[in-house]
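Report on the structure
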Amino acid sequence: MDVGFLGLGRMGRPMALNLVKAGHRVRVWNRSPEAAEALRAHGAEPVATPAEAFRGDAAVTMLADDAALRAVLVEGGLLDQAEKPGVHLGTSTISVALAEELAAVHGRAGVPYVSAPVFGRPDVAEMGKLNILAAGPDDAIARAQPLLDAMGVKTWRFGEVPARANAVKLAGNMMIVAAIEAMGEAAALGEAHGVAASDLLDLLTNTIFAAPVYKNYGGSIAAGRYEPPGFGLALGAKDVRLALAAGEAARVPMPLASVLRDSLLDALAHGDGEKDLAALATVSMRRAGRG
């Protein structure tokens, strides 16, 4: 397929490379052109503008947040240009409200839109093992399936309303943050009673909490390893904020998410925004006088 890929950060770069490896022609664009140029040696075709990428059989966006996606896609007029993609896969983690807006503007522009946020850190993206949440027109998802298969291990479909995939993604990310908060508090409790955090978390993440999120983040907490970030704490704070907004819009109380927001604000106030999300655990240690 002839594909355009916009956004080559920690997640976008390996996703675009997997499309190249799968045999697709991939035009790549990034706000910092050096990131796109670096993929030339791997077979991708760097382009100078978003408009040159947003065309062909499909376009994939993996931009940082609502503001970045709105600036490039909506304010940048990509849906107004004469040449448009056959389908747009939006893989960014964005608000439910923006996903609803994008579905409407794509409909007016005649471009099928599929929300396709992903679960998985950069190392998982490199292996092409992402879990992809897809919601949008069935025929558009079917046309894009070869691309989804190249980037992920499984596509989880959530109907034809694109925003549903974004709601699922935000719910999942809120649960990830809750797991880290729980491990941080448990580790602080253990430390206060003479039990090393590494011993406590080794037990818990290999028995009753032997799931990838607990193992991966628990390993980082146990080792005090928060740099370089796999998924940044500031991005986690953004996602919890978006989950709370989605809950408020639908009249869904989320008291736990409110607690998580405050803990994340504490971490941000202490300068941990650029560290890995696992650094949230340091908040509990600090509050217990052990940080």
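Residues numbered from 1 in each chain as written. Predicted model: local features only at pLDDT ≥ 70, side-chain atom pairs only at ≥ 80, totals over all residues. Heavy atoms only, no water.

Moving on: the environment of Pro 228. With respect to the secondary-structure elements, Pro 228 resides in the loop between helix H10 (212-223) and helix H11 (233-249). We classify Pro 228 as exposed; its relative accessible area is 72%. (Helix = DSSP H or I, 4+ residues; strand = E, 2+ residues; numbered from the N terminus. Buried < 20%, exposed > 50% of the residue type's maximum accessible area, 1.4 Å probe, protein only.)

Here we take up the nonpolar core. Burial of nonpolar side chains together is a common tendency in soluble globular proteins. Ranked by size, the top nonpolar core spans 50 residues in total, and within it Leu 102, Ile 221, Leu 264 and Leu 277 carry the most contacts. Contributions of two or more residues to this core are made by helix H4 (66-74), helix H5 (96-109), helix H8 (163-192), helix H9 (197-205), H10, H11, helix H12 (255-269) and helix H13 (281-287). For this core, the element with the highest residue contribution is H8, accounting for 8 residues. Counting residues in each nonpolar core, the second largest holds 33 residues, with Ala 16, Val 20, Val 28 and Ala 36 among its members. (Core = buried A, V, L, I, M, F, W, Y, C linked by side-chain atoms within 4.5 Å.)

With that out of the way, let us pick up the side chain of His 88. Residue position: His 88 is located in strand S5 (residues 88-90). Engagement of the side chain of His 88 in a polar contact is seen with the side chain of His 106, the distance being 2.8 Å. (Polar contact = N/O pair within 3.5 Å; in protein donor to acceptor, adjacent residues only side chain to side chain.)

With 5 bridges joining them, strand S8 (residues 130-134) and strand S9 (residues 152-157) adopt parallel strand pairing. Bridging from a neighbouring strand, Asn 131 pairs with Lys 154 of S9. In this fold, the crossover linking S8 to S9 by way of helix H7 (residues 138-151) has right-handed handedness. (Pairing = 2+ DSSP bridges. Right-handed = clockwise from strand over helix to strand, strands pointing away.)

Here we come to the UniProt feature "active site" (unreviewed entry) in the protein chain. According to UniProt, the feature "active site" (unreviewed entry) maps to Lys 169 in the numbering used here. Within the element layout of this structure, Lys 169 appears in helix H8. Overall, Lys 169 belongs to the buried group, its relative accessible area being 7%. Not counting chain neighbours up to four residues away, the residues in contact with Lys 169 comprise Thr 93, Pro 117, Val 118, Phe 119 and Leu 133. (UniProt positions renumbered as here; feature names shortened; annotations may be inferred. Contact = heavy atoms within 4.5 Å.)

To continue, consider the packing of aromatic side chains. Inspection of the entire model under this criterion finds 1 aromatic pair. Considering the side-chain rings of Phe 209 and Tyr 214, the 4.8 Å spacing of their centres and the 40° angle between planes classify their relative orientation as tilted. You can call Phe 209 partly exposed: its relative accessible area is 35%. Overall, the relative accessible area of 23% leaves Tyr 214 in the partly exposed class. (Phe/Tyr/Trp six-rings, centres within 6.5 Å; stacked < 30°, edge-to-face > 60°.)

Packing of H8 against H10 brings their axes to within 10 Å, and their N-to-C directions diverge by 45°. Taken together, the axes of H8 and H10 lie oblique to each other. In the crossing of H8 with H10, the sense of the turn from one axis to the other is right-handed. Packed against H8, whose contacting residues are Ile 176, Ala 179, Ile 180 and Met 183, the element H10 presents Val 213, Tyr 214, Tyr 217, Gly 218 and Ile 221 at the interface. Along the lines of polarity and charge, the residues of the contact of H8 with H10 split into 8 nonpolar, 1 polar and no charged. (Axes fitted to C-alpha atoms, helices over the stretch in contact; angles between N-to-C directions. Parallel < 35°, antiparallel > 145°, perpendicular 65-115°, else oblique. Left-handed = near helix turned anticlockwise from the far one by under 90°. Nonpolar A, V, L, I, M, F, W, Y, C, P; charged D, E, K, R; others polar.)

Below, the discussion takes up the UniProt feature "domain: 6-phosphogluconate dehydrogenase NADP-binding" (unreviewed entry) in the protein chain. Here, the residues flagged by UniProt with the feature "domain: 6-phosphogluconate dehydrogenase NADP-binding" (unreviewed entry) are residues 2-154. Within the segment residues 2-154, helix and strand shares are 40% and 21% respectively, and the terminal C-alpha atoms sit 22 Å apart.

Time to look at the sheet that holds S9. Taken together, the 3 strands give an open sheet; going across it, the order is S7-S8-S9, and neighbouring strands pair in mixed fashion. Edge positions in the sheet fall to strand S7 (118-119) and S9, since each has one partner strand and no second. Contacts from H7 reach S8 and S9 within the one sheet, and its direction differs from that of S9 by about 155°.

Taken domain by domain, the protein chain consists of domain 1 (2-160) and domain 2 (166-288). Computed from C-alpha coordinates alone, the two centres of domain 1 and domain 2 are separated by 28 Å. Contact with domain 1, which involves 18 residues of that partner, is made by 17 residues of domain 2. Area buried by domain 1 at its contact with domain 2 is led by Thr 93, Phe 119 and Arg 121, which between them contribute 40% of it. A salt bridge links Arg 121 to Asp 276, with the shortest nitrogen-to-oxygen separation between them at 3.0 Å. Our count for the contact surface shared by domain 1 and domain 2 stands at 5 residue pairs in polar contact (both at pLDDT 80 or more). Of all elements in the fold, only H5 and S7 reach the threshold of two or more residues within the side of domain 1 that touches domain 2. Here the side of domain 1 that touches domain 2 is built from residues that sort into 10 nonpolar, 4 polar and 4 charged. (Domains from an automatic or database assignment. Buried area = accessible area lost by both parts, 1.4 Å probe. Salt bridge = Lys/Arg side-chain N within 4 Å of Asp/Glu carboxyl O.)

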